[in-house]
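# Commentary on secondary and tertiary structure
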Amino acid sequence: MLAAGSIAAPSASAAPLWPVPQPYRSSAEPPERLANLPVGSEYVALGDSYSAGYGLGDPTGLPTTACGQSAQDYPHRIAARFGLALHDVTCGGATSADVLGGHQFRGVPPQIEALSSDTRLVTLTIGGNDADLFGTAASCLALSAKGPVFSGRDAPSCRSTLVRDGVDQLGTKIQARVSLGIANTLAAIRNAAPNAEIVFLGYPAIFPDADHTPAKGCFRSALDIGTLTGSFPTNSYPFTNTDVRYLHGVQEELNDVARSAAAAAGVRYVDVFASTQARSACATKRPYVSGVTLDSTNGLRRIDLEPGALHPNTAGVAYLARRAEAAIRDQLG
């Protein structure tokens, strides 16, 4: 993001230059210039918590504090690299409906209203909340590698409750509602920002494939003796072996649907799923996605995931930014 006064003032209809904390404030001369995207061009970032840098520091408070948006998110990094005028409306928990027309929080307009004919670049990551992938994962925390899961009813795994009579409830949702939501979102963005290059960035691996799953599994308990006093292990991975395989498959299906929707819409899709299998939250060395850390309130009466659990860490966001920048460079450089 450019410092105030470092570029020519944008037109009245252009997106505002939001203040950006260090270290992502860029100078009048950005590190890199693009031949077909001049410095100061309007860049609008849309999407959910993976776009917003949920759980990282430097909160922007935009578009509302409840969104958990960070100035360390990949949109701010992209804007700083190329010297763009960023309007970042990313928000944790956003669905396709929130992008298109929903008021996710009172007083916050739908994300798509940030777009106009002046917009020259749009990035987004969306679809995970449409599929309820993150909500499902949060309900799949288990007591051991063989279960049961915390969510009750002594279920040995989440898969045992979500696959009924051979029908995968999440898979059905992804193939129908999620696929349609992503397709509608991309079409609406194209219509609202006819002069923009659109870069649709996928999700990195949260659950690894078989080749990157340790022989003994990924399980790292979220509970220990300290839990009795209200403290919890950090960076745990409390998923059954069954659910690691199952949720990897769900994420793979979501990735395939997103890639197909992007191809149909003529939108550049940046697939980061295959390239991050060794850096999932299962990994104990150099992961791109944080594991699970729990937090309790009211004397263990309520236990929640700490912000940033199962979301890109600093290294992960930097990787997403590099991949998106490469796509932008290829399209507009």
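Not measured: the values here are computed from a predicted model. (Residues numbered from 1 in each chain as written. Predicted model: local features only at pLDDT ≥ 70, side-chain atom pairs only at ≥ 80, totals over all residues. Heavy atoms only, no water.)

## A closer look at helix α8 (residues 314–332)
The end-to-end C-alpha distance of α8, which contains 19 residues, comes to 26 Å, matching closely the 27 Å that a straight helix rising 1.5 Å per residue would cover. Regarding α8, the residues found buried are G316, V317, A318, Y319, L320, A321, A324, E325, A327, I328 and L332. If you follow the buried residues of α8, they end up packed against α1 (49–52), α2 (74–82), β3 (119–125), β6 (197–201) and β7 (268–270). Two to three positions downstream of the cap, the backbone nitrogen of A315 sits 3.2 Å from a side-chain oxygen, assigning the N-cap of α8 to N313. (Helix = DSSP H or I, 4+ residues; strand = E, 2+ residues; numbered from the N terminus. Expected span 1.5 Å × (residues − 1). Buried < 20%, exposed > 50% of the residue type's maximum accessible area, 1.4 Å probe, protein only. Contact = heavy atoms within 4.5 Å. Polar contact = N/O pair within 3.5 Å; in protein donor to acceptor, adjacent residues only side chain to side chain.)

## Some points on the packing of helix α6 (residues 169–192) against helix α7 (residues 241–265)
Following both chains from N to C, one finds α6 and α7 inclined at 30°, their axes separated by 9 Å at the closest point. Considered as vectors, α6 and α7 are oriented roughly parallel to each other. Note that α6 runs across α7; the crossing there is right-handed. Along the contact surface, α6 presents L170, G171, I174, Q175, V178, S179, I182, A183, L186 and R190, while α7 presents Y246, V250, E253, L254, V257, A258, A261, A262 and A265. Its residues assigned to classes, the contact of α6 with α7 comprises 14 nonpolar, three polar and two charged. (Axes fitted to C-alpha atoms, helices over the stretch in contact; angles between N-to-C directions. Parallel < 35°, antiparallel > 145°, perpendicular 65-115°, else oblique. Left-handed = near helix turned anticlockwise from the far one by under 90°. Nonpolar A, V, L, I, M, F, W, Y, C, P; charged D, E, K, R; others polar.)

## What about the sheet that holds β3?
Sheet architecture is open: five strands sit in the order β2-β1-β3-β6-β7, paired in parallel fashion. Both edges of this open sheet fall to β2 (85–88) and β7, since each of them pairs with a single strand only. Averaged over all pairs of adjacent strands, the angle between strand axes in this sheet comes to 20°, irrespective of strand direction. Across four bridges, the pairing between strand β1 (residues 42–47) and β2 is parallel. When the sheet's bridge partners are listed, Y43 is paired in β2 with L86. (Pairing = 2+ DSSP bridges.)

## Observations regarding the environment of E197
Residue position: E197 is located in strand β6. Those residues in contact with E197 that lie beyond four places of it in its chain are R120, L121, V122, Q331 and L332. Among the polar contacts listed, one links the side chain of E197 to the side chain of Q331, at a separation of 2.7 Å.

## Topic: the side chain of D98
Within the fold, D98 resides in helix α3 (residues 96–100). Buried charge without a salt bridge: D98, with R177 as the nearest opposite-charge side chain at an N-O distance of 12 Å. Once residues within four sequence positions are removed from consideration, D98 is found in contact with G93, Q104, P110 and Q111. (Lys, Arg positive; Asp, Glu negative; His and termini not counted. Salt bridge = Lys/Arg side-chain N within 4 Å of Asp/Glu carboxyl O.)

## Brief notes about the nonpolar core
Grouped together as the largest cluster of nonpolar side chains are 59 residues, with contacts concentrated most on L46, F200 and F239. Those elements that place two or more of their residues in this core are β1, β3, α4 (133–138), α6, β6 and α7. Among the elements that make up this core, the one with the highest residue count is α7 (nine residues). Discounting chain neighbours no more than four positions away, the residues touching L46 are S51, V89, T90, V99, Q111, L115, V122, T123, L124, T125 and I189. Counting 25 residues, the second-largest nonpolar core is a separate cluster that includes A79, L121, V272 and Y288. (Core = buried A, V, L, I, M, F, W, Y, C linked by side-chain atoms within 4.5 Å.)

## Some thoughts on the pattern of salt bridges
Using the criterion set out here, one finds seven salt bridges in the structure. The partner of E325 in a salt bridge is R81, with the nearest N and O atoms 3.5 Å apart. Of this pair, E325 sits in helix α8 while R81 sits in helix α2, and the two are 244 residues apart along the sequence. Look at E325 and you get buried, because its relative accessible area is 8%. In this structure R81 comes out as partly exposed when scored by relative accessible area, which is 29%. R259 is the salt-bridge partner of D256, the closest N and O atoms lying 2.6 Å from each other. Taken together, the residues span about one helical turn, with D256 and R259 both in helix α7 at a distance of three residues. Look at D256 and you get partly exposed, because its relative accessible area is 33%. Overall, the relative accessible area of 35% leaves R259 in the partly exposed class. Members of the salt-bridge network, linked through shared partners, are E32, R81, E325 and R329.

## A short note on the pairing of β3
Of all the seven residues making up β3, six are buried; the element is thus mostly covered by neighbouring parts of the structure. Pairing between β1 and β3: six bridges, direction parallel. What sits directly across from L46, in β3, is L124. One ladder, built from four bridges, connects β3 with β6; its direction is parallel. The residue of β6 that forms the bridge with V122 is I198.

## What to know about the packing of α2 against α8
Axis separation between α2 and α8 bottoms out at 9 Å; the angle between their running directions is 50°. By the angle between their axes, α2 is oblique relative to α8. For the crossing formed where α2 meets α8, the hand is right-handed. Contacts between α2 and α8 involve Y74, R77, I78, R81 and F82 on the former and, on the latter, T314, V317, A318, L320, A321, A324, E325, I328 and R329. Its residues assigned to classes, the contact of α2 with α8 comprises nine nonpolar, one polar and four charged.

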